[in-house]
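Understanding the architecture of this molecule
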2 protein chains.
Amino acid sequence: MSKKGNLFVVTGPSGAGKGSVLAELFKIKENIFFSVSATTRQPRPGEKEGINYFFVSKDRFEEMISCNELLEHAEYVGNYYGTPENPVNEMLKLGKDVILEIEVQGALQIKKKRPDAITVFIAPPSFEVLASRLRNRGTESDEVVAMRLEQAKNECRYMSDYDYIVINDSLEKAVSDLSAVITAAGCRSENVDLRF
Amino acid sequence: MSKKGNLFVVTGPSGAGKGSVLAELFKIKENIFFSVSATTRQPRPGEKEGINYFFVSKDRFEEMISCNELLEHAEYVGNYYGTPENPVNEMLKLGKDVILEIEVQGALQIKKKRPDAITVFIAPPSFEVLASRLRNRGTESDEVVAMRLEQAKNECRYMSDYDYIVINDSLEKAVSDLSAVITAAGCRSENVDLRF
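Residues numbered from 1 in each chain as written. Chains lettered and ligands numbered in written order. Predicted model: local features only at pLDDT ≥ 70, side-chain atom pairs only at ≥ 80, totals over all residues.

Before going further, it helps to spend a moment on the overall build of chain A. A tally of regular secondary structure across chain A gives 7 helices and 9 strands. By its C-alpha atoms, chain A is 60 × 45 × 30 Å across when sized along the principal axes. The buried share of chain A, reckoned over its 196 residues, is 36%. (Helix = DSSP H or I, 4+ residues; strand = E, 2+ residues; numbered from the N terminus. Buried ≥ 20, exposed ≤ 12 C-beta atoms within 10 Å, placed from the backbone.)

And the structure:
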């Protein structure tokens, strides 16, 4: 009986586990839509148009920027990445909740553009846990791990600017907390369409 | 890791089923405290001091009113009923979520006194369902049922003044929605105590 869906911006530092939390959420939660980003980078083997990304040319991406078609965008290693606003609005109108998974820098930009967005910061339970998670990946040099930790520390400094903080200590608890945030938003009185 | 508990005011018209929803919630939710009202009426057989009510004299109740010790109070069939504020604050300080089940008239009064309170309106899915629930109780005359329906209609008119509306169509869904509202409140960034 929800009037329209809610827009959730989910972010968190590298190693906080936002990818795992969202993958589990997707399994248990109905009626949610994960926003698909646009990018100018080449598709990797197995990646599908409209599923993993919308693959667009640099000209088209710059047109999207100038026509204000993007909720946010960033450049990374010579390629553009961004969130087209139109599909998001279409899903919201259909009553679906929309989730944007986004880097920390972009998340608060969206809040400025869309004050209706509900921002969620996925946090590690402590800096020590985060450090051990990043080290245990075993894929990165000590130097890269140290750099990621420094970045995570900076990102966590602005945690309190988000609407919600979900601590990813146990994955199950984090998924259930994020699910509760989404369910509760649907129960906000302005979102409930009920007349007597 | 919640700093302190949240105060929830749960209300709804007669027949919406707030009693059943709260009874089920109590079974599944940890760390919540149901506020106990004070009253000047005589204990009924089996009722226990501090569990069902705080039983107090009329003089003591009037003292509580004049000393501003109550979050709200009302007179009903010659007896006073009210919510002592002190035990509520003690539980909140201990990090417990506190639930006040209250009649519709009192709920928005509390919001004025305590803007930190989160108000939840338990609504029937439709007026027709409410009417059939009240009739099926079979304990009240058609006249009383008609009066309760009229009152419910009036009460539902102010639904949108509450923070959340939980529709009690399926009991299980209503309990899970209310539980989500409580969990989500604990994840609000101002309620999360996490430092890096």
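Moving on: the relation of the copies chain B and chain A. With an RMSD of 0.0 Å, chain B superimposes on chain A once it is rotated by 180° and translated 0.0 Å along the axis. Here the two chains are linked by the operation of a two-fold rotation axis. In terms of proximity to the rotation axis, the leading residue of chain B is Ala 180 of chain B, whose C-alpha is 2.1 Å off the axis. Most of the interface of chain B is mirrored in chain A: 100% of its interface residues are interface residues there too. (Least-squares fit on C-alpha atoms with pLDDT ≥ 70 in both. Contact = placed C-beta atoms within 7 Å.)

Backbone geometry places Asn 31 of chain A, a non-glycine residue, at a positive phi of 65°. Along the chain, Asn 31 of chain A falls in the loop between helix H1 (18-28) and strand E2 (32-34). Owing to 13 C-beta atoms within 10 Å, Asn 31 of chain A belongs among the partly exposed residues under this scheme. Residues other than glycine seldom take positive phi values, yet Asn 68 of chain B does so here, at roughly 60°. With respect to the helices and strands, Asn 68 of chain B occurs in the loop between helix H2 (58-66) and strand E5 (70-76).

Turning our eyes to something else, we now look at the interface of chain B and chain A. Taken together, the contact pairs 24 residues of chain B with 24 residues of chain A. Contributions of two or more residues to the side of chain B that touches chain A are made by helix H6 (142-156), strand E9 (164-167) and helix H7 (171-187) of chain B. It is H7 of chain B that contributes the most residues to the side of chain B that touches chain A, 6 residues altogether.

All names here are of chain B. If you trace the 4 strands from one edge of the open sheet to the other, you get E4-E3-E6-E5, paired in mixed fashion. The open sheet terminates on both sides in strands that have one partner only, identified here as strand E4 (53-55) and E5. Pairwise comparison of adjacent strand axes, ignoring direction, gives a mean angle of 25° for this sheet. Where E5 lies against strand E6 (residues 79-84), 5 bridges are found, and the strand directions are antiparallel. Pairing of His 73 across the sheet is with Gly 82, part of E6. (Pairing = 2+ DSSP bridges. Axes fitted to C-alpha atoms, helices over the stretch in contact; angles between N-to-C directions.)

Residues and elements named next belong to chain A. On the basis of which strands lie adjacent, the open sheet formed by 4 strands has the order E4-E3-E6-E5 and mixed pairing. The open sheet is flanked by strand E4 (53-55) and strand E5 (70-76), the only strands paired with a single partner. Averaged over neighbouring strand pairs, the angle between their axes works out to 25° when direction is ignored. Against the sheet, helix H2 (residues 58-66) touches strand E3 (37-39), E5 and strand E6 (79-84), its axis set at about 45° to E6.

This part covers the pairing of strand E8 (residues 118-123) of chain B. Residue and element names in this part refer to chain B. Most of E8 sits out of view: 6 of its 6 residues are buried. Across 4 bridges, the pairing between strand E1 (residues 7-11) and E8 is parallel. For Val 9, the partnering residue across the bridge sits in E8 and is Thr 119. Looking at chain direction, E8 and E9 are connected through 4 bridges and run parallel. Following the sheet pairing, Val 120 is matched in E9 by Tyr 164.

All names here are of chain B. H7 packs onto helix H1 (residues 18-28) with a crossing angle of 65° between their chain directions and a minimal axis gap of 9 Å. The two elements H1 and H7 cross, and the hand of that crossing is right-handed. Across from Ser 20, Val 21, Glu 24, Leu 25 and Ile 28 in H1, the residues of H7 making contact are Leu 171, Ala 174, Val 175, Leu 178 and Ser 179. Here the contact of H1 with H7 is built from residues that sort into 7 nonpolar, 2 polar and 1 charged. (Left-handed = near helix turned anticlockwise from the far one by under 90°. Nonpolar A, V, L, I, M, F, W, Y, C, P; charged D, E, K, R; others polar.)

Scope: geometric values only; no functional claims are made or implied.
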